Amino acid sequence: MSCVVVTGTQWGDEGKGKIVDYLAQQANVVVRFQGGSNAGHTVVVGGEAYKLRLMPSGILYKGSLCVVGNGVAFDPMIMLEEMDALKKRGIDLSGIRISNRAHVVLPYHRIMDGVGDEARGKEKIGTTKRGIGPCYMDRDNRIGIRVCDLMDKDELAKRLKENMARKNKELQALYGHEPLDYDAVLAEYLGYAERLRPYVCDTIALLNEEIKAGSKILFEGAQATMLDIDYGTYPYVTASHPISGGVGVGAGVAPNRIDKVVGIVKAYCTRVGEGPFPTEQLNAIGEKIRTDGHEFGVVTGRPRRTGWLDACVVRYAGLLSGIDYMAVTRLDILDDFDEIKMCVAYKYKGEILNEIPASLKVLAKVEPVYETFAGWKTSIRKVRSYDDLPEKAKQYLTRMAEVTGIALGIVSVGPNRDETIVLAKDIF
Ligand code: IMP
């Protein structure tokens, strides 16, 4: 038996897709357990890039089961768009399994995400406007519509009628938005239901049977630790639990079934949306990271905010998720820098802080304590073993492992599958 969780350690976009791709080749089952179409994973297979949002990356491997767990905010429209696009490219869709307990994203969720965030004015979160927060809000308010309801025409009609009466009032009164047409939404979603019905099942039973049978299961986290609803930079966070603990509630798999946790660490930091970012570089360095790293959002196209690696954040992620191995991604993006900095501690009012502050007022004012490393100034894209990396790159990685207290497991030196150095052979 082998259950591996992949989790982001920063603010997302760490290059999880590439590492998930590497691990998914060995897995029998790939599972999404939180988030929804707010994620954007780019996976390059056979020189072809696939941009996935809701679909588990396992879809790109023949014979894999691809599970959308109960913790996912499930948007049937996006799922079907992705399925159609993949089918056109010859991808087999027969391994898809969708939890009958996942909550469904409806048109009013997407609209409310957009107008609701705009209405916050200067305090806006900068959400992806995919309806994720409003969908989870309905779940927690116990008025959500689940996939099992979507599959039941009468239940859907009844729940949608009640919800839309309420949502249309809110849309008009709070945001001056025109009401949505109940019949049109019902017809649209009944259409989705028919197309998705063959893929819907009890994924909790399925996953626990797979575990019993000794299958290799990869839990593919979306977003990341600092965007976790409880542990991230609240309120500038997403509405789910990307940390490894999210697997328990989002997939119905108990914590003691998890064998390994891999934390994805981009060799520098980025974030999209608002909120504090202690190592942000609003200067030529930040610009160079953005240009060299093509740091623009997969889902929204937004330029990402950029900065130096914050090892304090990675250490915190290690603690929260019990990370066994770091997978360091995009190290090659730093190939052309004269010097590279790493934040190893925070100072606040002259004192070193031992924890990540809960208060955003404090986090916004912390002073990063940097260590400076000489750049290696050579391309590492052809390097395939750790020993062959330039000494200066090894110094940077070694220090990263020391400060975070997490062992180095994988180093990615380019976007392609083979541009990967694997130090940990026992992940699966
Ligand atoms: P939401 O998840 O759309 O509600 O957005 C909440 C915050 O999470 C915003 O700052 C988004 O930019 C950020 N976010 C959501 N998904 C991702 C992701 O996949 N990568 C990076 N940031 C994300």
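Not measured: the values here are computed from a predicted model.

Q: What is the right way to look at the environment of Ile-143 in this model?
A: Among the secondary structure elements, Ile-143 is positioned in the loop between α4 (132–140) and α5 (147–150). With relative accessibility at 14%, the residue Ile-143 sits in the buried group. Sequence separation between Ile-143 and Val-366 is 223 residues, and the spatial gap between their C-alpha atoms is 41 Å. Apart from the residues lying within four places of it in its own chain, the contact partners of Ile-143 are Asp-138, Asn-163, Arg-166 and Lys-167.

Q: Looking at this structure, how should I read the packing of helix α2 (residues 76–88) against helix α7 (residues 182–196)?
A: For any two helices packed against each other, one specifies the crossing angle of their axes together with the interaxial distance. α7 packs onto α2 with a crossing angle of 50° between their chain directions and a minimal axis gap of 10 Å. Regarding the angle of α2 to α7, the classification is oblique. The chirality of how α2 crosses α7 is left-handed. Note on element contacts: α7 touches α2 through Glu-188, Tyr-189, Tyr-192, Arg-195 and Leu-196, opposite Pro-76, Met-77, Met-79, Leu-80, Met-83 and Asp-84. Among the residues forming the contact of α2 with α7, the class breakdown is eight nonpolar, no polar and three charged.

Q: Just checking my understanding: could you explain the site of the ligand for this structure?
A: Close contacts around the ligand come from 16 residues, with Asp-13, Asn-38, Thr-128, Thr-238 and Arg-302 the closest. In the model, an oxygen atom of the ligand is placed 2.6 Å from a nitrogen or oxygen of the Thr-238 side chain. Burial of the ligand by the protein amounts to 96% of the accessible area it has alone, namely 470 Å². Taken together, the residues that form the shell around the ligand break down as six nonpolar, eight polar and two charged. Lining the shell around the ligand are residues from two domains, each supplying at least three of them: domain 1 (2–93 + 202–422) and domain 2 (103–198).

Q: Quick question: what am I supposed to make of helix α10 (residues 284–292) here?
A: Among the residues of α10, those classed as buried are Gly-286, Ile-289 and Arg-290. Looking straight down α10, one finds its buried side chains confined to an arc of 95°; they lie on one side. As for α10, its buried residues are in contact with β13 (305–307). By the N-cap criterion, in which a side-chain oxygen at the helix start approaches the backbone nitrogen of a residue two or three places on, α10 is capped by Asn-283, the distance to Ile-285 being 3.0 Å. Once α10 finishes, His-294 follows within two positions and takes phi at roughly 45°, a positive value.

Q: What exactly am I supposed to notice about unusual backbone geometry here?
A: Look at the link from Tyr-234 to Pro-235: it is a cis peptide, with omega at 5°. Assignment of secondary structure puts Pro-235 in the loop between β10 (216–220) and α9 (246–251). Notably, Lys-377 is not glycine yet its phi reads approximately 50°, a positive angle. By the element assignment, Lys-377 lies in the loop between β18 (367–374) and α13 (391–404).

Q: Help me understand the side chain of Ser-64 in this model?
A: Counting through the fold element by element, Ser-64 comes out in the loop between β4 (48–52) and β5 (65–68). In contact with Ser-64, not counting residues within four places along its chain, are Ala-24, Ala-27, Asn-28, Gly-58 and Gly-95.

Q: Sorry if this is basic, but what is going on with the side chain of Arg-304 here?
A: With respect to the helices, strands and loops of the structure, Arg-304 is situated in the loop between α10 and β13. Arg-304 sits in the buried class, given a relative accessible area of 7%.

Q: What should I look at first to understand the environment of Tyr-22 in this one?
A: Of note, Tyr-22 is situated in helix α1 (residues 16–24). Distance in space between the C-alpha atoms of Tyr-22 and Val-43 is 9.7 Å, their sequence separation being 21 residues. Discounting chain neighbours no more than four positions away, the residues touching Tyr-22 are Ile-410 and Val-422.

Q: Where do I start with the pairing of β10 in this structure?
A: In summary, the side chains of a regular strand alternate between the two faces of the sheet. Of all five residues in β10, four are buried, a share of seventy percent or more. Here five bridges tie strand β1 (residues 2–8) to β10, and the two strands are oriented parallel to one another. Bridging from a neighbouring strand, Val-6 pairs with Glu-220 of β10.

Q: Explain the domain arrangement of the protein chain to me, please; I cannot follow it from the model alone.
A: Where the parts come together, the accessible area they lose is often given as the size of the interface. As assigned here, the protein chain comprises domain 1 (2–93 + 202–422) and domain 2 (103–198). Between domain 1 and domain 2, the C-alpha centre-to-centre distance is 29 Å. Domain 1 puts 29 residues into the contact, and the matching count from domain 2 is 22 residues. A buried area of about 2000 Å², summed over both sides, lies between domain 1 and domain 2, and 59% of it is on carbon and sulfur atoms. Inspection of the domain 1/domain 2 interface yields two salt bridges. A salt bridge links Asp-84 to Arg-195; the nearest nitrogen and oxygen atoms lie 2.8 Å apart. Linking domain 1 to domain 2 there are nine residue pairs in polar contact (both at pLDDT 80 or more).

Q: Would you explain the packing of aromatic side chains in this entry?
A: Given two aromatic rings, their pairing is described by the distance between the two centres and the angle made by the two planes. Following the criterion strictly, the structure yields five aromatic pairs and no others. Taking 5.9 Å as the distance between ring centres and 70° as the angle between the ring planes, the aromatic pair formed by Trp-308 and Phe-337 counts as edge-to-face. In this pair, Trp-308 sits in the loop between β13 and β14 (309–310) while Phe-337 sits in the loop between β15 (325–329) and β16 (339–348), placing the two residues 29 residues apart along the sequence. Here the two residues Trp-308 and Phe-337 agree in accessibility, since each one is buried. Ring centres of Phe-373 and Tyr-396 lie 5.3 Å apart, and the angle between their planes is 80°; on these two criteria the pair is classed as edge-to-face. A residue pair is termed long-range when its members are at least 10 positions apart, and Phe-373 in strand β18 and Tyr-396 in helix α13 qualify at 23 residues. Look at Phe-373 and you get buried, because its relative accessible area is 11%. In this structure Tyr-396 comes out as buried when scored by relative accessible area, which is 0%. Taken together, Phe-373, Trp-376 and Tyr-396 form an aromatic cluster joined through their ring pairs.

Cut-offs used in this document
- Residues numbered from 1 in each chain as written.
- Predicted model: local features only at pLDDT ≥ 70, side-chain atom pairs only at ≥ 80, totals over all residues.
- Heavy atoms only, no water.
- Helix = DSSP H or I, 4+ residues; strand = E, 2+ residues; numbered from the N terminus.
- Buried < 20%, exposed > 50% of the residue type's maximum accessible area, 1.4 Å probe, protein only.
- Contact = heavy atoms within 4.5 Å.
- Axes fitted to C-alpha atoms, helices over the stretch in contact; angles between N-to-C directions.
- Parallel < 35°, antiparallel > 145°, perpendicular 65-115°, else oblique.
- Left-handed = near helix turned anticlockwise from the far one by under 90°.
- Nonpolar A, V, L, I, M, F, W, Y, C, P; charged D, E, K, R; others polar.
- Near = heavy atom within 4 Å.
- Polar contact = N/O pair within 3.5 Å; in protein donor to acceptor, adjacent residues only side chain to side chain.
- Areas by Shrake-Rupley, 256 points an atom, 1.4 Å probe, with all protein chains shown as cover.
- Domains from an automatic or database assignment.
- Arc of directions from axis to C-beta.
- Pairing = 2+ DSSP bridges.
- Buried area = accessible area lost by both parts, 1.4 Å probe.
- Salt bridge = Lys/Arg side-chain N within 4 Å of Asp/Glu carboxyl O.
- Phe/Tyr/Trp six-rings, centres within 6.5 Å; stacked < 30°, edge-to-face > 60°.

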